[in-house]
Amino acid sequence: MSETRSDGELLRAVAADADRGAFEELYRRYAPWLRARLRGRCADPGVVDDVVQETFLAVWRGKARYREEGDVAGWLWRIGSRRLVDALRGDGARGRLRQALARLRHRDEVSAEERVLAGVEHGDLAGALVRLSPELRAVLQATVIDGLSTREAAVLLGIPPGTVKTRAMRARKQLREALA
């Protein structure tokens, strides 16, 4: 008979050794619980399943780090609930953008939005964005385009909130200089 490992032992084994057995045990222990909790917030089982998978993928890849504060269930819930918010925000924003673009396609006159989007795609701003480092672009994507708070972006990107603020400041400065 094997001894049951604690949550902390499982997480340490996953983080230190990429122990697949420990990861599978952690998944079996918490995935059904997390799925049930997320279903209370989202009626779409496909979205819930994706969020559960993304949550555990973040744990496996080490993007979500357990600092041995509080219980593992609460930590997994924070990761999962934030990923659910991200998923729902993304679908909502994409849906609104598709609707807006569909309305614009049926007009004969070019709208101000279309001119701005064309400028972003093909103009100076697009070139300036391409020249940013991937780290700075990721912060802009999370905070400006996706509309996440500094704290949400930090969780998503796996970096401290202070780093998000610093990178956002550097990105804005570089864009101002490139567009001046």
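On a predicted model such as this, the values are computed, not experimentally measured, just so you know. (Residues numbered from 1 in each chain as written. Predicted model: local features only at pLDDT ≥ 70, side-chain atom pairs only at ≥ 80, totals over all residues. Heavy atoms only, no water.)

1. Thoughts on the overall build of the protein chain
Point 1. What the protein chain contains, in helices and strands, is 9 helices and 0 strands.
Point 2. Each helix and strand of the protein chain, placed in order from N terminus to C terminus, yields the pattern α-α-α-α-α-α-α-α-α.
Point 3. For the protein chain, the residues scored as buried account for 30% of the 180 residues in total.
Point 4. Taking contacts inside the protein chain between residues at least 6 apart in sequence as the whole, the part at least 24 apart equals 54%.
Point 5. Counting only carbon and sulfur atoms, one obtains 52% of the accessible surface of the protein chain, whose full area is about 11800 Å². (Helix = DSSP H or I, 4+ residues; strand = E, 2+ residues; numbered from the N terminus. Buried < 20%, exposed > 50% of the residue type's maximum accessible area, 1.4 Å probe, protein only. Contact = heavy atoms within 4.5 Å. Areas by Shrake-Rupley, 256 points an atom, 1.4 Å probe, with all protein chains shown as cover.)

2. As for the side chain of T55
Point 1. Position of T55 relative to the elements: it lies in helix α3 (residues 45-61).
Point 2. The class for T55 is buried, based on a relative accessible area of 0%.

3. A word on the side chain of R35
Point 1. By the secondary structure assignment, R35 is in helix α2 (residues 20-39).
Point 2. Discounting residues that sit within four places of it in the chain, R35 has contacts with Y27, V48, D49, V52 and Q53.

4. Points about the packing of aromatic side chains
Point 1. Going through the model one piece at a time under the given rule, you end up with 4 aromatic pairs.
Point 2. Arranged with centres 4.8 Å apart and planes meeting at 70°, the rings of Y27 and F56 form a pair that is edge-to-face. Taken together, the residues span a long stretch of sequence, with Y27 in helix α2 and F56 in helix α3 at a distance of 29 residues.
Point 3. A relative accessible area of 23% means that Y27 is categorised as partly exposed.
Point 4. Put simply, the rings of F23, Y27, F56 and W60 pair up and form one aromatic cluster. (Phe/Tyr/Trp six-rings, centres within 6.5 Å; stacked < 30°, edge-to-face > 60°.)

5. Description of the environment of A31
Point 1. Position of A31 among the secondary structure elements: in helix α2.
Point 2. Taking the C-alpha atoms as reference points, A31 and T55, 24 residues apart in sequence, are found 9.3 Å from one another.
Point 3. For A31, the contacting residues outside a window of four places in its chain are L26, V52 and F56.

6. Observations concerning the confidence of the model for the protein chain
Point 1. The share of residues in the protein chain with pLDDT of 70 or more is 75%, and the mean pLDDT across the chain is 78.
Point 2. When pLDDT is averaged over each helix and strand of the protein chain, the minimum, 51, is found for helix α5 (residues 112-122) and the maximum, 91, for α2. (pLDDT = per-residue confidence, 0-100.)

7. Notes on helix α9 (residues 161-179)
Point 1. Across its 19 residues, α9 extends 27 Å between first and last C-alpha, which sits within 8% of the 27 Å expected from 1.5 Å per residue.
Point 2. Those residues of α9 not exposed but buried are V164, A168, A171 and L175. Down the axis, α9 shows its buried residues gathered within 65° of arc, on one side only. Structural note: α9 exposes K165, M169, R176 and E177 on the side pointing more than 90 degrees away from its buried face. (Expected span 1.5 Å × (residues − 1). Arc of directions from axis to C-beta.)

8. A closer look at the packing of helix α1 (residues 7-17) against α2
Point 1. The interhelical angle for the contact between α1 and α2, taken along N-to-C directions, is 135°, at an axis separation of 8 Å. Judged by the inter-axis angle, α1 sits oblique to α2. Once α1 is placed against α2, the crossing between them reads as left-handed. Listed contacts from α2 to D7, L10, L11, A13 and V14 of α1 are A22, F23, E25, L26, R29 and Y30.
Point 2. Looking at side-chain class alone, the contact of α1 with α2 contains 8 nonpolar, no polar and 3 charged residues. (Axes fitted to C-alpha atoms, helices over the stretch in contact; angles between N-to-C directions. Parallel < 35°, antiparallel > 145°, perpendicular 65-115°, else oblique. Left-handed = near helix turned anticlockwise from the far one by under 90°. Nonpolar A, V, L, I, M, F, W, Y, C, P; charged D, E, K, R; others polar.)

9. Looking at the pattern of salt bridges
Point 1. One pass over the full model with this rule turns up 4 salt bridges.
Point 2. Here D19 ties to R5 by a salt bridge, and the two come within 3.5 Å at their closest N and O atoms. Of this pair, D19 sits in the loop between α1 and α2 while R5 sits in the segment before α1, and the two are 14 residues apart along the sequence.
Point 3. Residue classification places D19 among the partly exposed positions, given a relative accessible area of 25%. (Salt bridge = Lys/Arg side-chain N within 4 Å of Asp/Glu carboxyl O.)

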